[in-house]
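# Structure at a glance
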Amino acid sequence: MARVIEVTGKDIEEAKKLALSQLDLPQERVIFEVLEEPSKGFFGLIGARVAKIRATEKELTPLEKGQEFLKKIFKSMHKDIQIECIEEDINYKFNLIGDDLGVLIGKHGQTLDSLQYLTNMAANKNVTGARVRIVLDVENYRKRREETLCQLAERLANKARKYRTKVVLEPMNRHERKIIHMALQDYADIITYSDGVEPHRKIVVDIKHNKNCLLYTSPSPRDGATSRM
């Protein structure tokens, strides 16, 4: 709920500064309404009146709330990071621009994924209508990671063919598992499925006629894989 306060000062400008200080917000985030103009009164003594204003915090859109959340995070990190907002179909991409941003990515993008999750939570807090989905990216990391995973998928498929055995990858998140499934879905002799429980769920790559691959548990539909029996 938006905050509303009433503040007095010797003039309008002083009252505005006091209101911004109490709300701890920049001026563009506040709507001001003058309730009483200041008056010096008779001979500057009798009937003197201070300025009185009402300051109302502006309601933010989900995108603005997401950006404000990130700005507070970056400020606490003492990082000068620009946020470029790009609309992508029904989603939005926040491209983070700055120096030495590897710390925001983390191992295999785990830090970036966690920050993305928290940003979406902040953006959609108290939203009653349609929720937005925000994707965070740093220096085009998402695309580079997808290309790396597709190359990895092809190498592992070749390894499974060569040694006639299944290959098990390290645990991955749902999005990265889906990339592997999609990369190999058109391979006539290769099957992929997910095994294990989150957060240790991993991809298995195998050849379809492998004797060890007679019966598979149907993978989670969320992974985007096709069930194989």
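Scroll up for the structure.
Just so it is clear, the model here is predicted, and its values are computed rather than measured. Every chain is numbered on its own, with residues counted from 1 as its sequence reads. Two thresholds apply to this predicted model, a pLDDT of at least 70 for residue-level local features and 80 or more for giving and counting side-chain atom pairs, whereas whole-chain, interface and lining totals are computed over all residues. As a rule here, side-chain values cover all heavy atoms of the structure and leave hydrogens and water aside.

## Structural notes on the sheet that holds strand E4 (residues 82-88)
Strands are treated as partners if at least two bridges between them are detected by DSSP. Helical segments are the DSSP runs of H or I of at least four residues, strand segments are the runs of E of at least two, and each set is numbered from the N terminus. A sheet is described by the order of its strands in space; here three strands give the open sequence E4-E5-E6, paired in mixed fashion. Pairing within the sheet leaves two strands with one partner each, and these edge strands are E4 and strand E6 (133-138). Strand-to-strand twist across the sheet, computed as the mean angle between neighbouring axes with direction ignored, equals 25 degrees. Where strand E5 (residues 91-97) meets E6, six bridges bridge the pair, whose relative direction is parallel. Of the residues in E6, the one forming a bridge with leucine 96 is valine 138. Angles run from 0 to 180 degrees between N-to-C directions of axes, and those axes are lines fitted to C-alpha atoms, restricted for helices to the stretch in contact.

## Details of a negative patch on the surface
A cluster of acidic residues, Asp80, Asp99, Asp100 and Glu139, forms a negative patch on the protein surface. Take aspartate 99: it is sitting in the loop between E5 and helix H3 (102-105). What makes a patch is a set of residues exposed beyond 30% relative accessible area and free of salt bridges, joined within 9 Å when like-charged and within 5 Å when nonpolar (Val, Leu, Ile, Met, Phe, Trp, Tyr). All accessibility values rest on the Shrake-Rupley procedure with a 1.4 Å probe; residue burial counts only the protein chains present in the view. We count a salt bridge whenever a side-chain nitrogen from Lys or Arg sits within 4 Å of a carboxyl oxygen from Asp or Glu. We score Asp and Glu as negative and Lys and Arg as positive, and we do not count His or the chain ends. Working definition for charges: the position is that of NZ of Lys, CZ of Arg, CG of Asp or CD of Glu.

## Thoughts on the packing of helix H5 (residues 141-163) against helix H6 (residues 174-184)
Contact pair H5 / H6: the axes reach a minimum separation of 9 Å and the direction vectors enclose 55 degrees. Between H5 and H6, the angle is such that the two are oblique. In terms of crossing hand, the pair formed by H5 and H6 is right-handed. Here Arg145, Glu146, Leu149, Cys150, Ala153, Glu154 and Ala157 of H5 lie close against H6, whose contacting residues are Glu176, Ile179, Ile180, Ala183 and Leu184. Gly falls in the polar group here, along with every residue not listed as nonpolar (Ala, Val, Leu, Ile, Met, Phe, Trp, Tyr, Cys, Pro) or charged (Asp, Glu, Lys, Arg). Each residue belonging to the contact of H5 with H6 can be placed in one class, and the counts come to eight nonpolar, no polar and four charged. What sets the label is the angle itself: under 35 degrees gives roughly parallel, over 145 gives roughly antiparallel, 65 to 115 gives roughly perpendicular, and the rest give oblique. Helix crossings fall into two classes, left-handed where the near helix is turned counterclockwise from the far one by less than a right angle and right-handed where it is turned clockwise. The contact criterion used throughout is that any non-hydrogen atoms of two residues lie within 4.5 Å.

## A few points about helix H1 (residues 12-23)
Helix length check: H1 (12 residues) gives 16 Å between terminal C-alpha atoms against 16 Å at 1.5 Å per residue, within 8%. Residue exposure (1.4 Å probe, protein chains only): buried if accessible area is under 20% of the type maximum, exposed if over 50%, otherwise partly exposed. Regarding H1, the residues found buried are Ile12, Ala15, Ala19, Leu20 and Leu23. The arc enclosing the buried residues of H1, seen along the axis, measures out at 135 degrees, which places them on a common side. Of the exposed residues in H1, the ones pointing more than 90 degrees away from its buried face are Lys17 and Ser21. Its buried side turned inward, H1 meets strand E1 (4-9), strand E2 (30-36) and strand E3 (51-57). Each helix should span, by expectation, one fewer than its residue count multiplied by 1.5 Å. What the arc measures is the spread of directions leading from the helix axis to the C-beta atoms.

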